[in-house]
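Here's the letter readout for the chains.
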Amino acid sequence: DKNLLKSKFRGSLLGSLLGDCLGSPFEGDVITPGEKLVIQKYFDKLETPDLKGPKRCYTDDTAMMKEVAKTLIDKPEIDYKHMAKLFVKEYFSEPHRGYGQNVVEVFNKLRKTKFEDIYKPAKEQFNGSGSFGNGGAMRIAPVALYFHDNYDAMINVAKQSTEITHTNSLGVHGAVLQCIAVHQALSHDPKTAITPKDFCDELTKKIKVVESENDDGLGLHDQNPYEDKLNFVNYFLGIKCHEELDEEVAQNLGNSIAAYDSVPTAIYSFMRAVQNDIPTVNTDNLFRRTIQYAITLGGDTDTIACMAGAMAGAYLGEEAIDKNMAKQCEGYEMIVDLADKLYAAAVK
Ligand code: R7I
Ligand code: MG
Ligand code: MG
Ligand code: MG
């Protein structure tokens, strides 16, 4: 169904935008029970028609995500140098969007070296080990949408587009896992319920393949950190949701700017919202429940909500997202337009 797929493209990019815009005021916070109530009221208010006041601003998550989408729209053969140039141009035109502290070095070096080797600056980060931040994962949704019918190409493009800024395998595999999760949500019929355990088991199977490619054959580096984290996600989903559990989740799954401590948490947030047993989040709307719950876990709230929102939006489509809430977000029309162009480029 073409209309459904088009709606899912919009849903996923808007999901990413709303998670970013609505989550960013809480970035870095530890969320107390009292604050969960504040967040509930904040979301209730966002559903008010024609709400006045300034828009909720997007941050680096959306700023980079839109440039990934533009690259795919502009250059169907995937030109990574073009992508690197768009990242740098976007950064220098609006540098105060809350970028990660170290990625700025990559942008400076790319510009200074005139994009001679677009992968070199990222490789030099952190004394040569590369960044494991979630900056690759936060912007990856357009890749999952564009390659909706070509899984192998999707994995390859997810890796290469991430490596422009993040080369640590934790950063790369985190982005790949996020991409796979959006892709899987996209292919799921919104009229059919998702079974969290099945969804996680399928993700586990897929990320295992990706992680095994890093094995050295000697048993020295054959850990599968994301596979292990997904087992934790399943474990936590088996426990009834309660306040203290949220704290344990934040501690054990993580809520930091490291991909390893945020992508599995975004998956958990979406799955927990699907299970619909969250005492501190009161809404019938699965999309809202997903991003609101992600935010109540604290820490890197804009990015975890952005990633969870991209999954929920890809599953449900645009219709599931409250229009009043969406219109509160800076760039709403721009993202809808971008989603339509990405759709046109992806299905021709
Ligand atoms: O990953 P990145 O683009 O940051 C994205 C985050 C999101 O939460 C955005 O919303 C924004 O707030 O930032 O930027 P990087 O600078 O590559 O990584 C982010 C941070 O992760 C770094 O500044 C480090 O603090 C940490 N980090 C590391 N620390 C030690 N060793 C990333 N890689 C390493 C590492 O290898
Ligand atoms: Mg941000
Ligand atoms: Mg392995
Ligand atoms: Mg963030």
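Quick note: structure is the one above.
Residues numbered from 1 in each chain as written. Chains lettered and ligands numbered in written order. Predicted model: local features only at pLDDT ≥ 70, side-chain atom pairs only at ≥ 80, totals over all residues. Heavy atoms only, no water.

## A look at the site of ligand 1
Here's step 1: Among the 20 residues in the neighbourhood of ligand 1, the closest are listed as D61, N102, S131, H166 and D300.
Here's step 2: A distance of 2.6 Å separates an oxygen atom of ligand 1 from a polar side-chain atom of H166.
Here's step 3: Judged by the proximity of its atoms to the pocket grid, ligand 1 belongs to the largest pocket.
Here's step 4: Contributions of two or more residues to the shell around ligand 1 are made by α3 (60–74) and α15 (301–316).
Here's step 5: Of the residues that constitute the shell around ligand 1, the class distribution is four nonpolar, eleven polar and five charged. (Near = heavy atom within 4 Å. Polar contact = N/O pair within 3.5 Å; in protein donor to acceptor, adjacent residues only side chain to side chain. 1 Å grid on protein atoms, 1.4 Å probe; cavity = no way out; pocket = protein on both sides within 12 Å on 5 of 7 lines; lining within 4 Å. Sits in = over half its atoms within 2 Å of the grid points. Helix = DSSP H or I, 4+ residues; strand = E, 2+ residues; numbered from the N terminus. Nonpolar A, V, L, I, M, F, W, Y, C, P; charged D, E, K, R; others polar.)

## Here's the deal with the packing of helix α14 (residues 286–296) against α15
Here's step 1: Interhelical geometry of α14 versus α15 gives an angle of 160 degrees and a closest axis separation of 8 Å. Judged on the interaxial angle alone, α15 and α14 are roughly antiparallel. Pair α14 / α15 crosses with right-handed handedness. The residues of α15 that touch α14, namely those facing L286, F287, T290, I291, A294 and I295, are T301, I304, A305, A308, G309, A312, G313, Y315 and L316.
Here's step 2: Here the contact of α14 with α15 is composed, by residue class, of eleven nonpolar, four polar and no charged. (Axes fitted to C-alpha atoms, helices over the stretch in contact; angles between N-to-C directions. Parallel < 35°, antiparallel > 145°, perpendicular 65-115°, else oblique. Left-handed = near helix turned anticlockwise from the far one by under 90°. Contact = heavy atoms within 4.5 Å.)

## Here we look at the nonpolar core
Here's step 1: Ranked by size, the top nonpolar core spans 115 residues in total, and within it L18, V143 and Y268 carry the most contacts.
Here's step 2: For V143, the residues in contact, after removing those within four places along its chain, are V68, L72, M154, V157, A158, S161 and C179. (Core = buried A, V, L, I, M, F, W, Y, C linked by side-chain atoms within 4.5 Å. Buried < 20%, exposed > 50% of the residue type's maximum accessible area, 1.4 Å probe, protein only.)

## Quick notes on the coordination of the magnesium ion (ligand 2)
Here's step 1: At this site the magnesium ion (ligand 2) is bound by T59 (OG1), D60 (OD), D61 (OD) and D302 (OD), with donor distances of 2.1 to 2.3 Å.
Here's step 2: Read in sequence order, the donor residues coordinating the magnesium ion (ligand 2) give the pattern T-D-D-x240-D.
Here's step 3: A gap of 3.7 Å separates the magnesium ion (ligand 2) and the magnesium ion (ligand 4), which D302 links by coordinating each metal.
Here's step 4: For D61, a relative accessible area of 0% gives the class buried. (Donors = N, O, S within 2.8 Å, 3.2 Å for Na, K, Ca; no water.)

## Some remarks on the packing of helix α8 (residues 151–162) against helix α9 (residues 169–186)
Here's step 1: Contact geometry for α8 and α9: axes closest at 9 Å, N-to-C directions at 140 degrees. As judged from the angle between their axes, α8 and α9 are oblique. Once α8 is placed against α9, the crossing between them reads as right-handed. Contact residues: α8 offers Y151, M154, I155, A158, K159 and T162, while α9 offers G171, V172, A175, V176, C179, I180 and H183.
Here's step 2: Of the residues that constitute the contact of α8 with α9, the class distribution is nine nonpolar, three polar and one charged.

## A few points about unusual backbone geometry
Here's step 1: Phi at F115 is positive, roughly 60 degrees, even though this residue is not glycine.
Here's step 2: Mapped onto the fold, F115 is located in the loop between α5 (103–112) and α6 (120–123).
Here's step 3: Even without being glycine, N127 reaches a positive phi, approximately 55 degrees.
Here's step 4: Mapped onto the elements, N127 comes out in the loop between α6 and α7 (141–146).

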